[in-house]
Amino acid sequence: MTFRLLSPGVRVWGQVHEDDVARAKDLGVTLIVNNRPDGEEPGQPASAQVEAWARAAGLDYASVPVRGRPTPGEAAALGDLLETAESALIFCRSGMRSAAAWAMARTARAP
């Protein structure tokens, strides 16, 4: 499976697991952004676990939890992170919230 490319340097995916972190690193990802709140679904890895996988792989990590539709503040926080990252993988349960937050951030920053 391939991460979905939203724009150059920004990929989106559903829930990330340890093997996804390794694949992301192989693709040149330098930052993983978690848009999923802890405890959303039984059995999902906690943010701290995903952060540990990312840090062990030498990647930066950030968490911007989004519940439901992204707010302008959540989109702005994601946009700030993506603006400084060389290459990022953003994720939530299915990738839809992350893609929506990314789109909101881009729209808000458009000239």
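Structure's up top.
The following refers to the structure shown. Given the structure is predicted, the values throughout are model-derived calculations rather than measurements. (Residues numbered from 1 in each chain as written. Predicted model: local features only at pLDDT ≥ 70, side-chain atom pairs only at ≥ 80, totals over all residues. Heavy atoms only, no water.)

## Examining the nonpolar core
If you look at the biggest cluster of nonpolar residues, it comprises 15 residues, and the most contacted ones within it are Val 16, Val 21, Ile 32, Val 50, Leu 59 and Leu 89. Taken together, the elements giving at least two residues each to this core come down to α1 (18-26), α2 (47-56) and β5 (88-91). If you tally residues by element for this core, the top one is α2, at three residues. Those residues in contact with Leu 89, other than ones at most four positions away along the chain, are Phe 3, Arg 11, Val 12, Trp 13, Val 16, Ala 24, Val 29, Leu 31, Ile 32 and Val 33. Val 33, Leu 78, Leu 82 and Trp 102 belong to the second-largest nonpolar core, a separate cluster that totals twelve residues. (Core = buried A, V, L, I, M, F, W, Y, C linked by side-chain atoms within 4.5 Å. Buried < 20%, exposed > 50% of the residue type's maximum accessible area, 1.4 Å probe, protein only. Helix = DSSP H or I, 4+ residues; strand = E, 2+ residues; numbered from the N terminus. Contact = heavy atoms within 4.5 Å.)

## Description of the packing of aromatic side chains
Under the definition given, this model contains one aromatic pair. Their ring planes at 85° and their centres at 5.2 Å tell us that Phe 3 and Trp 13 sit as a pair that is edge-to-face. Placement of the pair is Phe 3 in the segment before β1 (4-7) and Trp 13 in strand β2 (residues 10-13), with a sequence separation of ten residues. Classification of Trp 13 as buried rests on a relative accessible area of 14%. Across from the ring centre of Phe 3, 4.2 Å away, lies the NZ or CZ of Arg 23, which sits over that ring. The lysine or arginine in question, Arg 23, covers the ring of Trp 13, its NZ or CZ lying 5.6 Å from the ring centre. (Phe/Tyr/Trp six-rings, centres within 6.5 Å; stacked < 30°, edge-to-face > 60°. Lys NZ or Arg CZ within 6 Å of the ring centre and 35° of its normal.)

## Here's the deal with the pattern of salt bridges
In this structure the tally under the stated criterion is six salt bridges. Where Glu 40 meets Arg 97, a salt bridge forms, and the shortest distance between an N and an O atom there is 2.7 Å. Residue Glu 40 is located in the loop between β3 (31-34) and α2, and its partner Arg 97 is located in helix α4 (residues 96-109); the two are separated by 57 residues in the primary sequence. The class for Glu 40 is partly exposed, based on a relative accessible area of 34%. Salt bridges sharing partners connect three or more residues here, namely Arg 36, Glu 40, Glu 41 and Arg 97. (Salt bridge = Lys/Arg side-chain N within 4 Å of Asp/Glu carboxyl O.)

## Describing α4
Taking 1.5 Å per residue, 14 residues should reach 20 Å; α4 reaches 20 Å between its end C-alpha atoms and fits that length. Regarding α4, the residues found buried are Arg 97, Ser 98, Ala 101, Trp 102 and Ala 105. Across the axial projection of α4, the buried residues extend over an arc of 135°, all falling on one side. Facing away from the buried side of α4 by more than 90 degrees, the exposed set consists of Met 96 and Thr 107. Residues of α4 that are buried make contact with β1, β2, α3 (72-84) and β5. (Expected span 1.5 Å × (residues − 1). Arc of directions from axis to C-beta.)

In short, shape yes, function no, at least from these values alone.
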